[in-house]
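# Architecture and fold: a report
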Protein chains: 2
Amino acid sequence: MSLLSFLFPTKPKSAVAAKERLQIIIARERSNGRQGPDFLPALHKELIEVISKYTKVNADDIKISLDRQGNLEVLDVNVVLPDADSAPV
Amino acid sequence: MSLLSFLFPTKPKSAVAAKERLQIIIARERSNGRQGPDFLPALHKELIEVISKYTKVNADDIKISLDRQGNLEVLDVNVVLPDADSAPV
């Protein structure tokens, strides 16, 4: 099994299958229990802004999950992109 | 097996284990063979800039791979972060 099989896990209904999808995973592995600033939540906000420069993104088409396991934190952002012709010029 | 087990696949030598690590995966699933602009390379450059606001990132500590399989494109960015005390103020 490869990483690719874990991306876009939810098999889309045919209508969504016609849409482009973007998934961004940010994983942070802290070392030796050191805390340091928790920047993933703020980072994801800026991520959406960066993506919006390249393609039109509707806020309600974005699903976000933040998962923590031991010293690993994973931010998972799933975006269904509108049709290409509505992309920014 | 969960997505988490695929993150940070290369088990670090002890020295690197003491460092914080960040992994960013950007996956884009194109629909029905439509091309549309290829924005992953530019997107990844901006992501590094965004992350550098939150934590110090040395260019030579960044490993990038771009993988294409069918209509799926995956950009995988691995960053070894310097020690927390050298983080930006």
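Residues numbered from 1 in each chain as written. Chains lettered and ligands numbered in written order. Predicted model: local features only at pLDDT ≥ 70, side-chain atom pairs only at ≥ 80, totals over all residues. Heavy atoms only, no water.

## Details of the overall build of chain A
Counting secondary structure elements, chain A contains two helices and three strands. Traced from its N-terminal end to its C-terminal end, chain A shows the element sequence α-β-α-β-β. Sorting the 89 residues of chain A into buried and exposed places 43% on the buried side. With an accessible surface of roughly 4700 Å², chain A has 57% of that area assigned to carbon and sulfur atoms. (Helix = DSSP H or I, 4+ residues; strand = E, 2+ residues; numbered from the N terminus. Buried < 20%, exposed > 50% of the residue type's maximum accessible area, 1.4 Å probe, protein only. Areas by Shrake-Rupley, 256 points an atom, 1.4 Å probe, with all protein chains shown as cover.)

## Brief notes about the environment of A:Glu73
All names here are of chain A. Mapped onto the elements of the fold, Glu73 is located in strand E3 (residues 72-81). Classification of Glu73 by relative accessible area gives buried; the value is 3%. Once the C-alpha coordinates of Glu73 and Arg30 are considered, the two residues, 43 residues apart in sequence, prove to be 8.2 Å apart. When neighbours within four sequence positions are excluded, Glu73 is seen to be in contact with Ile26, Ala27, Arg28, Arg30, Asp38, Leu40, Asp67 and Arg68. A polar side-chain atom of Glu73 sits 3.4 Å from a polar atom in the side chain of Arg30. Side chain to side chain, Glu73 and Arg68 meet in a polar contact 2.8 Å long. (Contact = heavy atoms within 4.5 Å. Polar contact = N/O pair within 3.5 Å; in protein donor to acceptor, adjacent residues only side chain to side chain.)

## A few points about the pattern of salt bridges
Tallied over the full model, the rule gives twelve salt bridges over all chains. The closest approach of N and O atoms between A:Arg68 and A:Glu73, which form a salt bridge, is 2.8 Å. Ionic contacts of the salt-bridge type, sharing partners, join the residues A:Arg28, A:Arg30, A:Arg68, A:Glu73 and B:Glu20 into one network. (Salt bridge = Lys/Arg side-chain N within 4 Å of Asp/Glu carboxyl O.)

## Here we look at the sheet that holds strand E3 (residues 72-81) of chain B
Pairing is antiparallel across the open sheet formed by six strands, whose spatial order is E2(A)-E3(A)-E1(A)-E1(B)-E3(B)-E2(B). The two strands at the open ends of the sheet, each matched to only one other strand, are strand E2 (62-69) of chain A together with strand E2 (62-69) of chain B. Each strand of the sheet is rotated relative to its neighbour by a mean of 10 degrees, with strand direction disregarded. Where E2(B) lies against E3(B), eight bridges are found, and the strand directions are antiparallel. Opposite B:Leu66, over in E3(B), you have B:Leu75 as the bridge partner. Contacts from helix H2 (residues 40-54) of chain A reach strand E1 (20-29), E2 and E3 of chain A, with the element oriented near 150 degrees to E1(A). Taken strand by strand, helix H2 (residues 40-54) of chain B contacts E1 of chain A together with strand E1 (20-29), E2 and E3 of chain B, and its axis lies near 150 degrees from that of E1(B). (Pairing = 2+ DSSP bridges. Axes fitted to C-alpha atoms, helices over the stretch in contact; angles between N-to-C directions.)

## Looking at the nonpolar core
Membership of the largest hydrophobic core comes to 32 residues, with the highest contact counts inside it found for A:Leu22, A:Ile26 and B:Ile26. Only E1, H2 and E3 of chain A together with E1, H2 and E3 of chain B provide two or more residues apiece to this core. Residues A:Leu72, B:Ile25, B:Ala27 and B:Leu72 belong to the second largest nonpolar core, which totals eight residues. (Core = buried A, V, L, I, M, F, W, Y, C linked by side-chain atoms within 4.5 Å.)

## Examining the confidence of the model for chain A
Per-residue pLDDT for chain A averages 75, and the proportion of residues at 70 or more is 65%. At the low end of the mean pLDDT range in chain A sits helix H1 (residues 14-17) of chain A, at 56; at the high end sits E1(A), at 88. (pLDDT = per-residue confidence, 0-100.)

## Some thoughts on H2(B)
Taking 1.5 Å per residue as the helical rise, H2(B) with its 15 residues ought to reach 21 Å, and the 21 Å between its terminal C-alpha atoms agrees with that figure. What H2(B) keeps buried is the set B:Leu40, B:Leu43, B:His44, B:Glu46, B:Leu47, B:Ile48, B:Val50 and B:Ile51. (Expected span 1.5 Å × (residues − 1).)

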